[in-house]
Amino acid sequence: KQEVTQIPAALSVPEGENLVLNCSFTDSAIYNLQWFRQDPGKGLTSLLLIQSSQREQTSGRLNASLDKSSGRSTLYIAASQPGDSATYLCAVDLTNAGKSTFGDGTTLTVKP
Amino acid sequence: IAGITQAPTSQILAAGRRMTLRCTQDMRHNAMYWYRQDLGLGLRLIHYSNTAGTTGKGEVPDGYSVSRANTDDFPLTLASAVPSQTSVYFCASSDGSGVYGYTFGSGTRLTVV
């Protein structure tokens, strides 16, 4: 059974700092990996999706990388802003059958 | 705006009552899903549907049922609610290609008392 771990559970940084969020998974035969953002009391907003054949994806200040051999993905946030404060979750899809496994998320606080 | 609409936004329900959570999408996605999110347990898949007319069980299907009569709608029914079903419920969809991933609704916060 696929297990997805996100460490740390919470992270607090000063505004302007570059930071990395981690996502580890146990089964490397993945189909894709998706990063989401969730604001308190809200739904999940998709940030980036990396296909199995890709190494990274970029969107604005966000860059997600994928290393299947080590079972890891990282989400890099450049020049963090208070508006980046949210919980970030990764989801790993093994078979494109829609049964992704989600990590518990990392709650990020960016202090002004 | 294309997306997923869930209703109601929140609900307090007496134990033993029947409740249907509604989910409608306007993106013509083939696949739809219901998740529940609980503190400390993360997101867990309840039921899914890969295409209209078909459904499947996820990780925690007991006490829940779904139907998929058409592409756009995917209601989740609690036949006889119990307090352990207190949770935030999210509906999601995908086009099934694996290229664009999931789109999530805003969620329904359900409290069973």
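Residues numbered from 1 in each chain as written. Chains lettered and ligands numbered in written order. Predicted model: local features only at pLDDT ≥ 70, side-chain atom pairs only at ≥ 80, totals over all residues. Heavy atoms only, no water.

J.: Even after reading the chapter, I still don't get the pattern of salt bridges, so can you show me in this structure?
T.: Here the idea is simple: oppositely charged side chains can pair when their charged atoms come close. Tallied over the entire structure, the rule returns 5 salt bridges over all chains. For Asp39(A), the salt bridge is made with Arg37(A), and the minimal N-O distance between the two is 3.0 Å. The partly exposed category is assigned to Asp39(A), whose relative accessible area is 27%. On the basis of relative accessible area, Arg37(A) is assigned to the buried category, the value being 18%. Here the salt bridges share partners, and the residues they tie into one network are Arg36(B), Asp38(B) and Arg44(B). (Salt bridge = Lys/Arg side-chain N within 4 Å of Asp/Glu carboxyl O. Buried < 20%, exposed > 50% of the residue type's maximum accessible area, 1.4 Å probe, protein only.)

J.: Is there a simple way to think about the sheet that holds strand 1 (residues 4-7) of chain B in this case?
T.: Across a sheet, paired strands are connected by hydrogen bonds in the backbone, their directions being either parallel or antiparallel. All names here are of chain B. The strand order across the open sheet formed by 4 strands is 1-3-8-7, and the pairing between neighbours is antiparallel. The two strands at the open ends of the sheet, each matched to only one other strand, are strand 1 and strand 7 (64-66). The sheet shows a mean angle of 20° between the axes of neighbouring strands, taken without regard to direction. (Pairing = 2+ DSSP bridges. Helix = DSSP H or I, 4+ residues; strand = E, 2+ residues; numbered from the N terminus. Axes fitted to C-alpha atoms, helices over the stretch in contact; angles between N-to-C directions.)

J.: So what exactly am I meant to see when it comes to the sheet that holds strand 7 (residues 62-67) of chain A here?
T.: All names here are of chain A. Here we have 5 strands laid out as an open sheet, ordered 1-3-8-7-6, and antiparallel in their pairing. Of all the strands in the sheet, the pair left with one neighbour each is strand 1 (4-5) and strand 6 (56-59). Relative to strand 8 (residues 72-77), strand 3 (residues 19-25) runs antiparallel, the two sharing 6 bridges. Residue pairing for strand 8: Ser24 is matched across the bridge by Arg72.

J.: Sorry, what's going on with the pairing of strand 3 of chain A here?
T.: Residues in a regular strand point their side chains to alternate faces of the sheet. Residues and elements named next belong to chain A. In strand 3, alternate side chains face the same way, and those of Leu19, Leu21, Cys23 and Phe25 are buried while those of Val20, Asn22 and Ser24 on the opposite face are not. Alignment of strand 1 against strand 3, held across 2 bridges, turns out to be antiparallel. By the bridge assignment, Val4 is partnered in strand 3 with Phe25.

J.: Where do I start with the interface of chain A and chain B in this structure?
T.: It is common to give the size of an interface as the accessible area lost on bringing the parts into contact. Taken together, the contacts link 22 residues of chain A with 23 residues of chain B. Here chain A packs against chain B, burying approximately 1500 Å² in sum over the two surfaces, 48% of which is carbon and sulfur. Remark: the boundary between chain A and chain B carries 0 salt bridges. Along the lines of polarity and charge, the residues of the side of chain A that touches chain B split into 7 nonpolar, 10 polar and 5 charged. (Contact = heavy atoms within 4.5 Å. Buried area = accessible area lost by both parts, 1.4 Å probe. Nonpolar A, V, L, I, M, F, W, Y, C, P; charged D, E, K, R; others polar.)

J.: For this particular structure, what's the right way to read the state of the cysteines?
T.: Under the counting rule described, the total for this entry stands at 2 disulfides over all chains. A disulfide bridge connects Cys23(A) with Cys90(A), and the sulfur atoms are separated by 2.0 Å. The S-S bond linking Cys23(A) to Cys90(A) shows a torsion near 75°; that makes this disulfide right-handed. Taken as a pair, Cys23(A) in strand 3 and Cys90(A) in strand 9 (residues 86-93) lie far apart in primary sequence, 67 residues in all. Cys90(A) shares its class with Cys23(A); the two are buried. Here Cys23(B) is linked by a disulfide to Cys91(B), with a sulfur-sulfur distance of 1.9 Å. Of note, the bridge from Cys23(B) to Cys91(B) carries an S-S torsion of about -70° and is left-handed in sense. (Disulfide = S-S within 2.5 Å.)

J.: Quick question: what am I supposed to make of the environment of Cys91(B) here?
T.: All names here are of chain B. With respect to the helices and strands, Cys91 occurs in strand 9 (residues 87-94). Sequence-wise, Cys91 and Leu13 are 78 residues apart; in three dimensions their C-alpha atoms are separated by 19 Å. The residues touching Cys91, leaving out its near neighbours within four places in the chain, are Ile4, Gln6, Cys23, Met32, Tyr33, Trp34, Thr103, Phe104 and Gly105.

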